[in-house]
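Residues per chain, in single letters:
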Amino acid sequence: MHVDVIDPEKTAMIVVDMQNDFVASGAAMETPAARAVVPKLAEVLKICREAGIKIIYTAHVHRRDGSDMGLFDDMHPPIANRDALVDGTPGVDIYPELAPKAGEHVIKKHRYSGFFGTDLEMILREWGVDNVSISGATTENCCHATARDAMFRNYRVVFLSDATATYDYPDRGFGAMPNADVHHATLVILAASTAHVMSVEEMKTRISTRDKKAAGASR
């Protein structure tokens, strides 16, 4: 997939799961690399707001009674123990430095993908969006799943290489992987099969402003 021009009127930035339970120091599901990209993601949000690109957030949450848990309690002890991602607790709020502005929505989700069982697509269609940019955490799980589901729905996908992040993987029978390797492998896979993977700076240069449109029309 290749995205030459990013039209602000038809593009939405999806900020995936940059919540206190993942980003804050000492959080139950702390992802230090996600905290490290906060300044870059804050830059992304500034770029989008100035260009008129709509921003929409996702937040991974579960009800305390586990009625929407699925198999997550088999895979993630902090979720199973209700130490993280409990709906209605401060841990599921968006990290303060990236907090939504007035009119920017937060989509609650119960699975990796922002599209699964949510009204995300309904909102994007109402906005007339046909391109989405993906940022947030984690690269290989929620960001990857959301990017894939967007592509399956015929959205053109930009995946931001330096505004996404993940965590170190322990050895579960196939060897351990540091977060940098997980991140890199996911970017390679996405670039080959799902999205135009690019840096924030490259995204910025591809945004079509009204001045650029006018210049193009006058040629």
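Now for a quick tour of the structure. (Residues numbered from 1 in each chain as written. Predicted model: local features only at pLDDT ≥ 70, side-chain atom pairs only at ≥ 80, totals over all residues. Heavy atoms only, no water.)

Here the focus is the side chain of Lys 109. Here Lys 109 lies in strand E3 (residues 105-109). On the basis of relative accessible area, Lys 109 is assigned to the buried category, the value being 0%. Side-chain polar atoms of Lys 109 contact the side chain of Asp 17, separated by 2.8 Å. Dropping the residues within four chain positions of it, Lys 109 is found in contact with Asp 17, Thr 58, Ala 59, His 60, Val 61, Gly 114, Thr 118 and Cys 142. (Helix = DSSP H or I, 4+ residues; strand = E, 2+ residues; numbered from the N terminus. Buried < 20%, exposed > 50% of the residue type's maximum accessible area, 1.4 Å probe, protein only. Polar contact = N/O pair within 3.5 Å; in protein donor to acceptor, adjacent residues only side chain to side chain. Contact = heavy atoms within 4.5 Å.)

When the charged atoms of two side chains with opposite charge come close together, those side chains can pair. Per the stated rule, a full pass over the model turns up twelve salt bridges. Close ionic contact of Asp 4 with Arg 206 constitutes a salt bridge, the shortest N to O distance being 3.9 Å. Of the two residues, Asp 4 is situated in the segment before strand E1 (11-16) and Arg 206 in helix H9 (residues 200-206); the sequence distance between them amounts to 202 residues. Residue class for Asp 4 comes out exposed when judged on its relative accessible area of 52%. Judged by relative accessible area, Arg 206 falls into the buried class, the value being 18%. Note that Glu 121 is salt-bridged to Arg 125, the shortest N-O span being 3.2 Å. Taken together, the residues span about one helical turn, with Glu 121 and Arg 125 both in helix H6 (residues 120-127) at a distance of four residues. Ionic contacts of the salt-bridge type, sharing partners, join the residues Glu 121, Arg 125, Asp 149 and Arg 153 into one network. (Salt bridge = Lys/Arg side-chain N within 4 Å of Asp/Glu carboxyl O.)

Residues Met 13, Val 15, Met 18, Val 44, Leu 160 and Met 203 are the most contacted members of the largest nonpolar core, which totals 39 residues. Where this core is concerned, the elements lending two or more residues are E1, helix H1 (20-23), helix H2 (32-36), helix H3 (38-51), strand E2 (54-60), strand E5 (156-165) and H9. The element contributing the most residues to this core is H3, with six residues. Setting aside anything within four residues of it in sequence, one finds Leu 160 in contact with Met 13, Val 44, Ile 134, Ser 135, Met 198, Ser 199, Val 200 and Met 203. (Core = buried A, V, L, I, M, F, W, Y, C linked by side-chain atoms within 4.5 Å.)

Time to look at unusual backbone geometry. The peptide bond linking Ala 137 to Thr 138 adopts the cis configuration, its omega dihedral lying at -10 degrees. Relative to the helices and strands, Thr 138 resides in the loop between strand E4 (131-137) and helix H7 (139-152). With a phi close to 60 degrees, Leu 85 is a non-glycine residue in the positive phi region. Among the residues examined, Leu 85 registers a relative accessible area of 1% and is labelled buried. Unusually for a residue other than glycine, Asn 154 sits at a positive phi of about 70 degrees. By secondary structure assignment, the location of Asn 154 is in the loop between H7 and E5.

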